[in-house]
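Structure at a glance
Residue strings, one per chain:
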Amino acid sequence: MPRNRLVLLISVLFFLFMGLGKAGAQRQDYQLAKDAAKSGDKEFALMHFSSVLKNDPDPNHRQEALFAVAEYYYLAGDFPDSLGSLSEFLENYPDSKLRPVALFLLLEISENFNNDSLSKSVEKQIMDLKRIFLVFKEAQEYSFKSPLGLDYKLIYYIDKIEFFINGQLKKQIIY
Amino acid sequence: MASLKNKLFIKIKGLFFICFAIVLILIISVNIILAYNKEALIKKLDDNLFRLVNAENIFYLPPNLIIIKNFTVGYGDKKILRLPLSTAFFSLPEFISKRNIRIFSIYSDRVALDPSTLPDFLKDDFNNILGFLLKIPRQDFKLNLRQITAGASENKSSRTKGNFYLRIFKDRVSIAGKTGDSSLVLNGKINQNYFIAENLEYKNQNIDCQLKGILKSNLAQFQGFIILSDPVSKRTNQSNIFILDIDSSIKFNFPKVEVERLNFSINNNPVRLTANISISPFSCDLKIVSDFRGMENSKKSELKNIEFSAELSSAAENTLSADGRLNIDVLEHNKDSLPIERLELTLKNLLINFNEFPILKITAQTINLFSRTNTNTYNIDLTSLTAKLDGLNQPLRRFKFTSSFCGGLIFGKGSLKMLDFIPVVQAVAGMKDVDSNRLDGILVHFSKTYGKLSSQMYLYSYPEPVFQGRMNIKNGYLNNFEFLKWLADLFGIPSLKKIDFNTASASFKADKEGVGMHDMDLDSKDVKIKGFFKLKEGDFVASKIFFSFRKALLQKSTKFKPLLKLLDKNQDLVKFNFQLSGKLSGMNFKWLESDFKEDLEKGIPNFAKRGLEEKLGKAIESILE
């Protein structure tokens, strides 16, 4: 009987350590991805973010990882893969603060594909995103740091929206 | 020998003379008999048609020829058919053996037709005529009519002449006709109770029609196609109208005609038509339904459900009365189209007078035009409309109209022509002393604008539709305009809720780029408003509005007084300029630069600005909702 208890205890401890080990590995993937992005090693960051998408159930990590994957493909010029990841991101995380950035990236990709109907639809979604009231200010600015370490900035004027990546104007939408 | 020859010659001459005399007597006798029995002979045509048919004289010429002079069909002076001289051949063997005059060929020249009498003719005698035609013994027969003229025109030389040929051989019927560039061919089979049209072709430079079907005494069923080409521009197939897949079932019980089914496609747009028609007096209940994409036969055109129903009837002489309704539901939109989802046109007591044709005189008790876009509804009511349409027989038609409209008048004139089957309209119109608040059916903001409105408007439908003009409102007032109401409440100046003005004016324009008002100008004692407002494709707004308030007015406000202290003392007007943009349903707002704003900014510390920005933002959001 004590022998059986010992076997049971060993089994429970085994599975417990396995689980903890896995959770630890997931946390490690996310941290490794962040570290790689911070050090500018985008390929490693992609590898670890892909692991997060496979293994990590945390929705915040998954959201960040999905955006990072889309962003990586966008920067690498792999627009078809970026389009797929961005579409998934926009569908799964409609309230994300990165949504406007994702839409601007999608707009640039759709223009690259000469897909007029998608461009129109995305432009409309961007213009519908935010309503602004400028009493004393000239414009409203929003800045985002991306998972891969890029600086995004959106400036909402009364009649246009400007989109910057790392301080460089990438796109302008005029109402 | 010579005297013998002479005697023989005299005997032959005598015999010949006797024979000639007998034949002459016979001919004269036959002709006298024919003259006396003319009416009985005609009656033999058909008892029911006897009263319609007449002939001045009938002569016989040997061996088998009958000459008929002035043969007519019709009532009194209203003759639908006149045959001045006709020759008919009858079968001599059949006459000798059976004493039966069987005519197997008729030839007639200078035939005159008057189609204007056709409605009366069909009304009273269609069944008799059809019955007569179906009762004609099926025997070989030829009818050859030459130099046919149609119409009752005074200028006979200007009429087009045509020929008509009919041949019946056993149960086969062949018809061929030609007039000017028009030709008609009909081949079919006749039976005791019906006629089968195996091939009916009618062609001229503008029409190519091919039908087949069956005609019974009370039913016609036809299938086929018609291709219409534009007489003005015959450049390509694009300008053709293709009426294909015709499938019809029409019941006759004259004077009633019931179109049970008339289905066809017009340039690939399916159309279903039903009608109940009375020929005389004329009336028609008509219903047309179509899933219409456009005459250009292009998939890019938007799909519309069109439903037209009308009750038409003849009112006074040469006047058509109509009550009708046209509904158009636009199911799809393309980027160049106006964003209309539904259009309804209702006509009540419309009278069209043809007395001065080609001039039409039109009156209507009421015309209502309702339209719905994805954001608004629009309603226009015209009452006591009178209009004149001139030049129906010419490519360019001109029109004039005047109507009561919202307590005032609307009037105008213009021209209409068809270009590749698309109507091209140019019109200039005006409004006078219209109650501006009653124009809220066109633009909801008018509900808060009072005064007598006058306007000049221009409409062009080609090459792009454009509607533009300028309007003036005199001696009116703005009542509870949202922005002014908000200012009145915010600063405690109740007089801002109602602003009297002497004149307010604005230009407007609607085209495929959008609709908008520009050069807006309102001048009142205490408030001045200028600016523009444009609604572009996708309901995007572009607008700048400039308000100027007299300082004396704002000084009445205890809340505003402290702010006025920040201003330059010499300023008489306090300017409040703002810009709107973005979606109509969620417009962005910007307070534009002005002296007032500048002075205010100088006088307010930065931390207070942030609070004020937030507060004003929320307040403005509530106004723009």
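Look a little higher up for the structure.
A brief report on the enclosed structure follows.

What follows deals with the overall build of chain A. Looking only at helices and strands, chain A features 6 helices and 5 strands. Written out in order from the N terminus, the α and β elements of chain A read α-α-α-α-α-α-β-β-β-β-β. For chain A, the proportion of its 175 residues judged to be buried stands at 30%. Pairs at least 24 apart in sequence give 37% of the contacts found in chain A among residues at least 6 apart.

We now examine the sheet that holds strand 3 (residues 151-156) of chain A. Residues and elements named next belong to chain A. Taking strand neighbours across the sheet as the criterion, the 4 strands line up as 2-3-4-5 in an open arrangement whose pairing is antiparallel. In this open sheet, the two edge strands, each paired with only one partner strand, are strand 2 (140-145) and strand 5 (168-174). Taken over all neighbouring pairs, the strand axes of this sheet differ in orientation by 15° on average, direction set aside. The pairing of strand 3 with strand 4 (residues 160-165) spans 5 bridges and is classified as antiparallel. The residue of strand 4 that forms the bridge with isoleucine 155 is glutamate 162. Of the strands in this sheet, strand 2, strand 3, strand 4 and strand 5 are in contact with helix 5 (residues 99-112), which crosses strand 5 at around 90°.

All names here are of chain B. Residue position: threonine 149 is located in strand 6 (residues 141-150). Among the residues examined, threonine 149 registers 20 C-beta atoms within 10 Å and is labelled buried. In the structure, threonine 149 is positioned 35 residues away from aspartate 114 in sequence and 8.5 Å away in space, judged by C-alpha atoms.

Okay, the environment of asparagine 263 of chain B next. Residues and elements named next belong to chain B. In this fold, asparagine 263 is placed in strand 14 (residues 256-266). Note on asparagine 263: 16 C-beta atoms within 10 Å, which makes it partly exposed. Considered as a pair, asparagine 263 and serine 248 are 15 residues apart in the sequence and their alpha carbons are 6.3 Å apart. Apart from residues lying up to four places away in sequence, asparagine 263 is in contact with Asp247 and Arg272.

With that out of the way, let us pick up the pairing of strand 21 (residues 377-390) of chain B. Residues and elements named next belong to chain B. Two elements, strand 20 (residues 360-373) and strand 21, share 12 bridges in a ladder whose sense is antiparallel. When the bridges of strand 21 are listed, isoleucine 362 appears paired with alanine 387. The pairing of strand 21 with strand 22 (residues 397-405) spans 6 bridges and is classified as antiparallel. Looking at strand 22, one finds that leucine 389 is bridged to phenylalanine 399. Remark: 6 residues form the turn of the hairpin made by strand 21 and strand 22, two consecutive strands paired antiparallel; glycine 391 in that turn has positive phi of roughly 85°.

Residue and element names in this part refer to chain A. For the pair helix 3 (residues 59-75) and helix 4 (residues 79-92), interaxial distance at closest approach is 8 Å and the crossing angle is 155°. For the element pair helix 3 / helix 4, the angle class is roughly antiparallel. As for how helix 3 packs across helix 4, the hand of that crossing is left-handed. Listed contacts from helix 4 to Leu66, Phe67, Val69, Ala70, Tyr73 and Tyr74 of helix 3 are Asp81, Ser82, Ser85, Leu86, Glu88 and Phe89. A per-class count over the contact of helix 3 with helix 4 returns 8 nonpolar, 2 polar and 2 charged.

Glancing now at the interface of chain B and chain A. If you look at the interface, chain B gives 20 residues, while chain A gives 13 residues. When contributions to the side of chain B that touches chain A are tallied by element, the ones reaching two or more residues are strand 30 (540-550), strand 31 (573-583), strand 32 (588-591) and helix 9 (606-624) of chain B. Counting residues per element, the side of chain B that touches chain A draws most heavily on helix 9 of chain B, at 7 residues. In terms of residue class, the side of chain B that touches chain A is built from 7 nonpolar, 7 polar and 6 charged.

When two helices pack together, their arrangement is given by the angle between their axes and by how far apart the axes lie. Residues and elements named next belong to chain A. One way to put it is that helix 4 packs onto helix 5 with a least axis distance of 10 Å and a crossing angle of 145°. Between helix 4 and helix 5 the crossing geometry is left-handed. Packed against helix 4, whose contacting residues are Phe79, Ser82, Leu83, Leu86, Phe89 and Leu90, the element helix 5 presents Arg99, Ala102, Leu105, Leu106, Ile109 and Asn112 at the interface.

Attention now moves to the nonpolar core. Where a protein is soluble and globular, its nonpolar side chains tend to be buried together. Grouped together as the largest cluster of nonpolar side chains are 35 residues, with contacts concentrated most on Val69, Ala70 and Leu105 of chain A. Contributions of two or more residues to this core are made by helix 1 (2-38), helix 2 (42-55), helix 3, helix 4, helix 5, strand 3 and strand 4 of chain A. In terms of residue count, helix 3 of chain A provides more of this core than any other element does, 9 residues in total. Residues within four places of alanine 70 of chain A in sequence aside, it is in contact with Ser82, Ser85, Leu86, Phe89 and Leu105 of chain A. By size, the runner-up hydrophobic cluster in this structure holds 26 residues, among which are Phe405, Leu453, Phe501 and Phe547 of chain B.

This next bit is on the environment of lysine 38 of chain B. All names here are of chain B. Tracing the backbone through its elements, the reader meets lysine 38 in helix 2 (residues 38-43). Between the C-alpha atoms of lysine 38 and isoleucine 58, which are 20 residues apart in sequence, the distance is 7.0 Å. Apart from the residues lying within four places of it in its own chain, the contact partners of lysine 38 are Ala55 and Ile58.

With that settled, the discussion passes to the pairing of strand 4 (residues 103-109) of chain B. One face of the sheet, then the other: side chains in a regular strand alternate in exactly this way. All names here are of chain B. Where strand 3 (residues 78-90) lies against strand 4, 6 bridges are found, and the strand directions are antiparallel. Following the sheet pairing, serine 86 is matched in strand 4 by serine 108. Judged from the 4 bridges that link them, strand 4 and strand 6 form a sheet pairing that is parallel. From the neighbouring strand, tyrosine 107 faces strand 6, where its bridge partner is asparagine 144.

With that settled, the discussion passes to unusual backbone geometry. Residue and element names in this part refer to chain B. Following proline 62, the chain continues to proline 63 via a peptide bond in cis, the omega torsion being 0°. Examined against the element boundaries, proline 63 turns out to sit in the loop between strand 1 (53-61) and strand 2 (65-75). In this structure, proline 463 follows tyrosine 462 across a cis peptide bond, with omega equal to 0°. Looking at where proline 463 falls in the secondary structure, it is placed in the loop between strand 25 (449-460) and strand 26 (466-479). One non-glycine residue, glutamine 147, adopts positive backbone phi at about 50°. On the secondary structure map, glutamine 147 appears in strand 6. Judged by C-beta crowding, with 12 C-beta atoms within 10 Å, glutamine 147 ranks as exposed. We note that asparagine 475 has phi near 45°; this positive angle belongs to a residue other than glycine. Take asparagine 475: it is sitting in strand 26.

Rules of the game
Residues numbered from 1 in each chain as written. Chains lettered and ligands numbered in written order. Predicted model: local features only at pLDDT ≥ 70, side-chain atom pairs only at ≥ 80, totals over all residues. Helix = DSSP H or I, 4+ residues; strand = E, 2+ residues; numbered from the N terminus. Buried ≥ 20, exposed ≤ 12 C-beta atoms within 10 Å, placed from the backbone. Contact = placed C-beta atoms within 7 Å. Pairing = 2+ DSSP bridges. Axes fitted to C-alpha atoms, helices over the stretch in contact; angles between N-to-C directions. Parallel < 35°, antiparallel > 145°, perpendicular 65-115°, else oblique. Left-handed = near helix turned anticlockwise from the far one by under 90°. Nonpolar A, V, L, I, M, F, W, Y, C, P; charged D, E, K, R; others polar. Core = buried A, V, L, I, M, F, W, Y, C linked by C-beta atoms within 7 Å.

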